[in-house]
Amino acid sequence: MSDRLAVLPQYLLPKQALTRLAGALAAKEAGAMTTSVIRWFIKRYGVNMDEAANPDPAAYKSFNEFFTRPLKDGARPLAEADFLCPVDGAISQFGAIERDQIFQAKGHSYSTTALLGGDRELAAQFENGSFATLYLSPRDYHRIHMPCAGRLSRMIHVPGALFSVNPTTARGVPGLFARNERVVCIFDSAAGPFALVLVGATIVGSMATVWHGTVNPPRPGVVREWRYDGETLVRLDRGQEMGRFLLGSTVVLLFPKGRLAFNPDWAPTRPVRMGEAMASALTP
């Protein structure tokens, strides 16, 4: 079966309604029923609870609390690298941005402007730069951390579709990551500006950041933007948590031209862990 044919049912499903329902159910505190669902999920997806700060499934009041569980201290040591991998997951794609085009999968690319909510001036900062697309599977740790120290300048919530973001869908849906709902976070760092984009997906009930809390819902259907300056300065250290997914998805990182060289051990489909070396800084 071709990838395009495999994803055809996703065009027909009521994805928004399913996502709202999944979000409501995941937030429920249903006692023994919630614990049963968590135990099933752990077994079904092979979740490693040994590294969780609290490994007892019965300790979590809701599925969301379990899904965004913290890890034990020291479970993700930070590498001696200029840029760290911000999540657990697998590498979807990474490399050079070709003018304004980001490679998605064979036969598919999308523009930085589309990804960043239509802001051409913002997108121009990443022309011929570098990108990394990292996929978080259901079994992964779902908190997102900083690849390097940075000061937040903008956050943009871009409405969109809610296709799955698994590898089959990435191959079958053109412009997937610029079509789905997303939260765009723009930071300034010692190596220049960078974008950290949280991409939503089917049944991703919400996305949240440590400075704002839950960004979505609400889902008003229009672009929303927050600016961070003056009295609302937000600075985060290298490796510090910056946000989380309530049910899994994908992160896309954008960097300007000539600012970094990716870890030579990286390759598409390779598993990655938060805190491992992602890239080294290049001298201007």
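See above for the structure.
Computed from a predicted model, the values in this text were never measured in an experiment.

A. Structural view of the overall build of the protein chain. Helices and strands together make up the secondary structure of the protein chain, namely nine helices and 18 strands. Buried residues in the protein chain amount to 52% of all 284 residues. Here the protein chain displays about 12,900 Å² of accessible surface, and carbon together with sulfur accounts for 54% of that area.

B. Summary view of the nonpolar core. Counting 35 residues, the largest nonpolar core has Phe187, Leu196, Trp211, Met242, Trp266 and Met278 as its most contacted members. Once residues within four sequence positions are removed from consideration, methionine 278 is found in contact with Phe83, Leu84, Cys85, Pro86, Pro147, Leu253, Phe255, Ala261, Phe262, Asn263 and Trp266. Within the second largest apolar cluster, 27 residues are counted, among which are Leu115, Ile156, Val158 and Val165.

C. Region of the structure containing the sheet that holds strand E16 (residues 260-262). Taken in spatial order, the three strands line up as E1-E18-E16 in an open sheet, and their pairing is antiparallel. Only two strands of the sheet have a single partner each, and these edge strands are strand E1 (83-84) and E16. As judged from the three bridges shared by E16 and strand E18 (residues 277-281), these two strands associate in the antiparallel manner. Note on E18: the bridge partner recorded for phenylalanine 262 is alanine 279.

D. Quick look at unusual backbone geometry. Despite not being glycine, arginine 99 shows a phi value in the positive range, around 60 degrees. Position of arginine 99 among the secondary structure elements: in the loop between strand E2 (89-96) and strand E3 (101-105). The exposed category is assigned to arginine 99, whose relative accessible area is 62%. Residues other than glycine seldom take positive phi values, yet threonine 269 does so here, at roughly 80 degrees. Mapped onto the fold, threonine 269 is located in the loop between E16 and strand E17 (271-272). On the basis of relative accessibility, which here comes to 65%, the residue threonine 269 falls in the exposed class.

E. Molecular detail of the sheet that holds strand E6 (residues 143-145). Strand order in the open sheet made by the four strands is E6-E14-E10-E11, with antiparallel pairing throughout. Here the strands that pair on one side only, and so sit at the sheet edges, are E6 and strand E11 (213-216). Between one strand axis and the next, the sheet turns by 25 degrees as a mean value, whatever way the strands run. Here three bridges tie E6 to strand E14 (residues 241-246), and the two strands are oriented antiparallel to one another. Note on E14: the bridge partner recorded for isoleucine 144 is glycine 243.

F. Main features of the pairing of E11. Summarising the sheet, strand E10 (residues 206-209) and E11 pair through three bridges and their orientation is antiparallel. Note that in E11 the partner of threonine 209 across the bridge is glycine 213. Taking the residues that link successive antiparallel strands as the turn, the E10-E11 hairpin has three residues.

G. Broad picture of the pairing of E18. For E1 and E18, the ladder comprises two bridges, and the chain directions are antiparallel. When the sheet's bridge partners are listed, phenylalanine 83 is paired in E18 with alanine 279.

H. A look at the environment of glycine 221. With respect to the helices, strands and loops of the structure, glycine 221 is situated in the loop between E11 and strand E12 (224-227). Assessed through its relative accessible area of 52%, glycine 221 is described here as exposed. With 63 residues separating them along the chain, glycine 221 and valine 158 place their C-alpha atoms 8.2 Å apart.

Calculation rules
- Numbers given to residues run from 1 along each chain, matching the order in which its sequence is written.
- Under the rules for a predicted model, residues below a pLDDT of 70 receive no local features and side-chain atom pairs below 80 are neither given nor counted, while totals for whole chains, interfaces and linings still include all residues.
- Hydrogens and waters are ignored; side-chain quantities use all the structure's heavy atoms.
- Where helices and strands are cited, they refer to DSSP runs of H or I of at least four residues and of E of at least two residues respectively, numbered from the N terminus.
- When accessible area is computed with a 1.4 Å probe and restricted to protein chains, residues below 20% of their type maximum are described as buried, those above 50% as exposed, and intermediate ones as partly exposed.
- Only the protein chains shown count as covering a residue, and every accessible area follows the Shrake-Rupley method with a 1.4 Å probe.
- Think of a nonpolar core as a cluster: buried Ala, Val, Leu, Ile, Met, Phe, Trp, Tyr and Cys residues, connected wherever their side-chain atoms sit within 4.5 Å.
- Contact criterion: two residues are considered in contact whenever any of their non-hydrogen atoms come within 4.5 Å of each other.
- By the convention used here, strands pair only if DSSP detects at least 2 bridges between them.
- Axis definition: a line fitted to C-alpha atoms, limited for helices to the stretch in contact. Angles are taken between N-to-C directions and run from 0 to 180 degrees.

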